[in-house]
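# Examination of the molecular architecture
What follows is the residue order along each chain.
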Amino acid sequence: MKEYLTSEIRNLAILGHASSGKTSLTEALLYTAGATNRLGRIDDGTTISDYNEDEISRKFSISSSLLFCEWGKNKINILDTPGYLDFIGEAKAITRVTDLGLIVVNGQAGVEVGTELVFNFAEADNLPVWFIINMLDKEHASFENTLKGLQESFGKKVVPVQFPINQGIEFDGIVNLLTAKLARFTINGKGNATEETVPDNLQQKVSKYREQLIEFIAESDDSLLEKFFEEGTLTDEDMKSGLKKAIAARKLFPVFIASAHNNIGTSLLFDSIVEYAPSPDSRGFLIGTIKGQEVKKKINDSESTSLFIFKTVSEKHIGELSIFRVMSGSLKSGLDLINVKSGKSERIGQIYLANGKEKHEVAHLHAGDIGTVVKLKYTHTTDTLSDSKSLILYPKIDFPEPVIQIAVEPKSRGDEDKINSGLQTLADEDPTLSFHYDPELKQTILSGQGELHLAILLERLKQKFNVDVNQQSPRIPYRETIKKRGDSKFRHKKQSGGAGQFAEVWMYIEPAERGSGVEFTNTLVGQNVDRVFVPSVEKGVKAACEEGILAGYRVTDVKAVFYDGKMHPVDSKDIAFQIAGKGAFKECFMSAEPILLEPIYDLTVIIPDEYMGDVMGDISVRRGKILGVGTEGSFQKINAKVPLAELYRYSTSLRSMTQGKGMHRQSFSHYESMPREQQEKVVAEYKHQREEEH
Ligand SMILES: Nc1nc2c(ncn2[C@@H]2O[C@H](COP(=O)(O)OP(=O)(O)OP(=O)(O)O)[C@@H](O)[C@H]2O)c(=O)[nH]1
Ligand SMILES: [Mg+2]
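A brief structural summary.

Turning our eyes to something else, we now look at the sheet that holds strand β22 (residues 370–374). Pairing within the open sheet is antiparallel, and its eight strands lie in the order β18-β17-β23-β14-β15-β22-β19-β20. Only two strands of the sheet have a single neighbouring strand rather than two, namely β18 (345–347) and β20 (358–362). If you compare each strand with its neighbour and ignore which way they point, the axes differ by 40 degrees on average. Relative to strand β23 (residues 384–386), strand β17 (residues 336–339) is paired through two bridges, and the arrangement is antiparallel. Residue pairing in the sheet places I338 in a bridge with S386 of β23.

Laid out in structure tokens, this is it:
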């Protein structure tokens, strides 16, 4: 394989809402560049990017994939990301390691929640963005409406550099505002165009858009603005260099157009990428840390080598494949690097470039390039590998918070270990999945990005690790507390057989502030109880609080006061006071109007306007309280507090309520007392379960 210098590399992230045509556009780009000799189709399962079996059968992307092609002397790395909300979190890693985000927008549907999401990902990584209005061959597609939507959502930095001719089913022309030329395509999927002059009746439109563009470029740079005021316009050279700078500085988001399906627009896009997309070395400094101290590194070959692993996949016949960006320095196979997090050494074996499942071996990668390597022993997604001379560590990626949790248990007994190691491997590959054993709930909890995400992972668990699990709803971590004071004088006495036991604990308990936990104190005076038994009583109280009294949940927000008692010179001992302490606390508790508290979650829902009524109604049915309504971009945003018990599989209901156009975030807020009816149900369930156990 040929080697490419840093300045010859362009790293593109293909981002966007589900089904906007990202994979189709990627395919068209690869085809136009000659990296493949047929234009694959999503609907036939023949694209290079969606090559996994589950992607082929479901007809959408599940995992991001690495591809590359050549345009002129440049190497274009393309990372096609999934847009389906369950998998869009993958894009979070991709915006970190690329130098330009191409956000694909469906020219019929306009801006969607996924569009906003990936724009935010790009913003967080300071990634330059271009918009591609796709599907302009569709009957009801509209460049103008989509552009308007983009400007409403992302502001006036969104500026067209192209506009369509014959949009709709006969879409075949693109006017390039930078050259003021028209590219006319034949609708045959080949992607080549002839250059024509713009017809007279469109000259005015071209002038209008070009003036806007020139003005905007001028405004992005003081020296250009000065020239613009003097001359009334900009030279082509100034316009080009100004545009390039404005893109890199995220002062301008140019809008391109395409029909991925008919392969219209890709050649123009490539020309612009080579000319205007930032190369890795033009992106300034990398920021990382060495032993906690912030350091900066240049993106070039003369720095010491460092890699950032942004994805791990396990592939048939190959094994674990780590996909990385050469952050700094250059990389040759055989090099020893250090995994900075664990301190362990890793030898880089064969390095491959990837085009979907196809792999090409390469000996040497330069700074900024993206490649893959197999069989790293200790390295997972988001790890840094560095030269031992300079152990730089790049920041972790904040993947989106999970929106769904389920509990799993093995179908067959004895499979626990297999499940754990299987889930661990899956979670190492996919950082948007997490799992843990919750000792309070006594369940293994799996957290992910949606129902489908978890379903696919459990399928893989079955296929790869040969273990099957039952899914359950996670138990709710209710809490127990009291509403008034309770008293007890509890005597524990055991005198039949062996050594006797005797203890008497006088105690009262009182409600304490929400969130304060359990406080134990003693106010003993006199000599009725030896102080050595105070810790024993406390132990008993803590044990009662852990076990729960009313319904088997932890006790909280109670102050317990041990104020007096009795003892026996021989039979009083630690264990006797523990038992009496526990008994006294339980008695106090049951006489103090015990209640259950339930966890309340902050819920943020983001939806198009037309679903407001339905979604708000549904939140009320879920016993939720709406705190406020605002906007996020062009979407409505609802903030509410909802009991966790009512949020099970909320993402699934929300998506079905909004035809997949809505999304939500949730996080723990606080505990609150629950309605009597609900409480009685939980207590009854607990009693029923206890009876079954005995
Ligand atoms: N008519 C038309 N159809 C298109 C175009 N681009 C994509 N499609 C179709 O739209 C559907 C979705 O296309 P994909 O390329 O899978 O979209 P995606 O953005 O990769 O989807 P996800 O990976 O699920 O996010 C497929 O049926 C494509 O054939 C286009 O420009 N015109
Ligand atoms: Mg796709």
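What follows covers the layout of surface pockets. If you add up the space inside the largest pocket, you get close to 1,400 Å³. Along its surface, the largest pocket is lined by 47 residues, and L441, P474, R475, I476 and P477 are the ones closest to its centre. At the level of elements, β24 (404–410), β25 (434–438), α12 (534–547), β33 (594–607), β36 (663–673) and α16 (676–693) are the ones that each hand at least two residues to the lining of the largest pocket. At eight residues, the largest contribution of residues to the lining of the largest pocket is made by α16. Here the second largest pocket is characterised by a volume of approximately 1,000 Å³.

Further remarks concern the coordination of the magnesium ion (ligand 2). On the protein side, the magnesium ion (ligand 2) has T23 (OG1) and S61 (OG) as donor atoms, found 2.0 Å from it. Here T23 is found in helix α1 (residues 22–32), whereas its partner S61 is found in the loop between α2 (53–58) and β2 (65–71), with 38 residues between them in sequence. S61 matches T23 in its accessibility class, with the two residues each being buried.

As enumerated under the stated definition, the model contains three cavities of 30 Å³ or more in all. Taken together, S64, G89, E90, A93, F310, K311, T381, F399, E429, D430, P431 and T432 make up the full set of residues lining the largest cavity. Its residues assigned to classes, the lining of the largest cavity comprises four nonpolar, four polar and four charged. Around the second largest cavity, the lining residues are V113, E116, L117, N120, I606, E632, F635, M663 and R665. Listing elements by their share of the lining of the second largest cavity, those giving two or more residues are α4 (113–124) and β36. Here the lining of the second largest cavity takes four residues from α4, the largest share from any one element. Partitioned by chemical class, the residues of the lining of the second largest cavity number five nonpolar, one polar and three charged.

The next point concerns the site of ligand 1. For ligand 1, the set of nearby residues contains 21 residues, the closest of which are K22, T23, S24, S61 and D137. Measuring from an oxygen atom of ligand 1, one finds a backbone N or O atom of G21 at 2.9 Å. Between ligand 1 and the protein, one listed contact pairs a nitrogen atom with a side-chain N or O atom of D137 at 2.7 Å. Relative to its unbound accessible surface of 640 Å², ligand 1 loses 90% to contact with the protein. Broken down by class, the residue content of the shell around ligand 1 amounts to seven nonpolar, ten polar and four charged.

It is worth spelling out the environment of Y84 at this point. Considering the arrangement of structural elements, one finds Y84 in the loop between β3 (74–80) and α3 (91–97). Residues Y84 and F60, spaced 24 residues apart in sequence, show a C-alpha to C-alpha distance of 7.9 Å. Filtering out sequence-adjacent residues up to four positions away, Y84 remains in contact with A18, F60 and L452.

Time to look at the environment of S302. Within the secondary structure layout, S302 lies in the loop between β13 (293–298) and β14 (306–315). C-alpha of S302 to C-alpha of L597: the two residues are 295 residues apart in sequence and 60 Å apart in space. Among the polar contacts made by the side chain of S302, one reaches the side chain of N300 at a distance of 3.0 Å.

Now for a negative patch on the surface. Taken together, the side chains of D222, E226, E230 and E231 define an acidic patch exposed on the protein surface. Assignment of secondary structure puts E230 in helix α7 (residues 222–231).

Moving on: the pattern of salt bridges. By the definition in use, this model includes 39 salt bridges. Salt bridges linked by common partners bring E440, R479, E546 and R554 together as one network.

For L117, the position within the fold is in helix α4. Along the backbone, L117 and G16 are 101 residues apart, and their C-alpha atoms lie at a distance of 8.3 Å. In contact with L117, other than residues within four places in its own chain, are L85, I88 and M663.

Let us now look at the pairing of strand β30 (residues 501–511). Burial runs high along β30: nine of the eleven residues are buried. Sheet topology places strand β29 (residues 486–494) next to β30; nine bridges connect them, and they run antiparallel. Its bridge partner being in β30, D487 is matched across the sheet by Y508. Sheet topology places β30 next to strand β32 (residues 558–566); eight bridges connect them, and they run antiparallel. Bridge pairing links W506 to D564 in β32.

Here helix α8 (residues 236–248) is 13 residues long and its end C-alpha atoms lie 18 Å apart, about the 18 Å a rise of 1.5 Å per residue gives. Here α8 has its buried residues at D238, M239, G242, L243, A246 and I247. Angularly, the buried residues of α8 cover 155 degrees about the axis, an arc narrow enough to put them on a single face. Exposed and oriented more than 90 degrees from the buried face of α8 are E237 and K245. In this structure, the buried side of α8 is in contact with β5 (129–134), α6 (200–219), α7, β11 (253–257) and α9 (266–276). Where α8 ends, the next residue or the one after it, R250, has phi of about 55 degrees, a positive value.

By the definition in use, this model includes 21 aromatic pairs. Arranged with centres 6.4 Å apart and planes meeting at 90 degrees, the rings of F131 and F253 form a pair that is edge-to-face. With F131 in strand β5 and F253 in strand β11, this pair connects stretches of sequence that are 122 residues apart. With a centroid separation of 6.5 Å and an interplanar angle of 75 degrees, the aromatic rings of F143 and Y209 are classed as edge-to-face. Placement of F143 in helix α5 (residues 143–154) and of Y209 in helix α6 is noted, with a sequence separation of 66 residues between them. A relative accessible area of 0% means that F143 is categorised as buried.

For strand β15 (residues 319–328), the buried fraction is high: eight of the ten residues fall into the buried class. Of the pairings in the sheet, the one linking β14 to β15 comprises nine bridges and is antiparallel in character. Within the sheet, the bridge partner assigned to K311 lies in β15 and is I323. Where β14 folds back on β15, the antiparallel hairpin that results is connected by three residues, among which H317 adopts a positive phi of roughly 65 degrees. Two strands pair when backbone bridges link them, and β15 and β22 are joined in this way by five bridges, in the antiparallel orientation. Along β22, the bridge assignment pairs S322 with V373.

Cut-offs applied
- Residues numbered from 1 in each chain as written.
- Chains lettered and ligands numbered in written order.
- Predicted model: local features only at pLDDT ≥ 70, side-chain atom pairs only at ≥ 80, totals over all residues.
- Heavy atoms only, no water.
- Pairing = 2+ DSSP bridges.
- Helix = DSSP H or I, 4+ residues; strand = E, 2+ residues; numbered from the N terminus.
- Axes fitted to C-alpha atoms, helices over the stretch in contact; angles between N-to-C directions.
- 1 Å grid on protein atoms, 1.4 Å probe; cavity = no way out; pocket = protein on both sides within 12 Å on 5 of 7 lines; lining within 4 Å.
- Points joined across faces, edges and corners; volume = space filled by probe spheres on them.
- Donors = N, O, S within 2.8 Å, 3.2 Å for Na, K, Ca; no water.
- Buried < 20%, exposed > 50% of the residue type's maximum accessible area, 1.4 Å probe, protein only.
- Nonpolar A, V, L, I, M, F, W, Y, C, P; charged D, E, K, R; others polar.
- Near = heavy atom within 4 Å.
- Polar contact = N/O pair within 3.5 Å; in protein donor to acceptor, adjacent residues only side chain to side chain.
- Areas by Shrake-Rupley, 256 points an atom, 1.4 Å probe, with all protein chains shown as cover.
- Contact = heavy atoms within 4.5 Å.
- Patch = residues over 30% accessible without salt bridge, like charges linked within 9 Å, V, L, I, M, F, W, Y side chains within 5 Å.
- Salt bridge = Lys/Arg side-chain N within 4 Å of Asp/Glu carboxyl O.
- Lys, Arg positive; Asp, Glu negative; His and termini not counted.
- Charge placed at Lys NZ, Arg CZ, Asp CG, Glu CD.
- Expected span 1.5 Å × (residues − 1).
- Arc of directions from axis to C-beta.
- Phe/Tyr/Trp six-rings, centres within 6.5 Å; stacked < 30°, edge-to-face > 60°.

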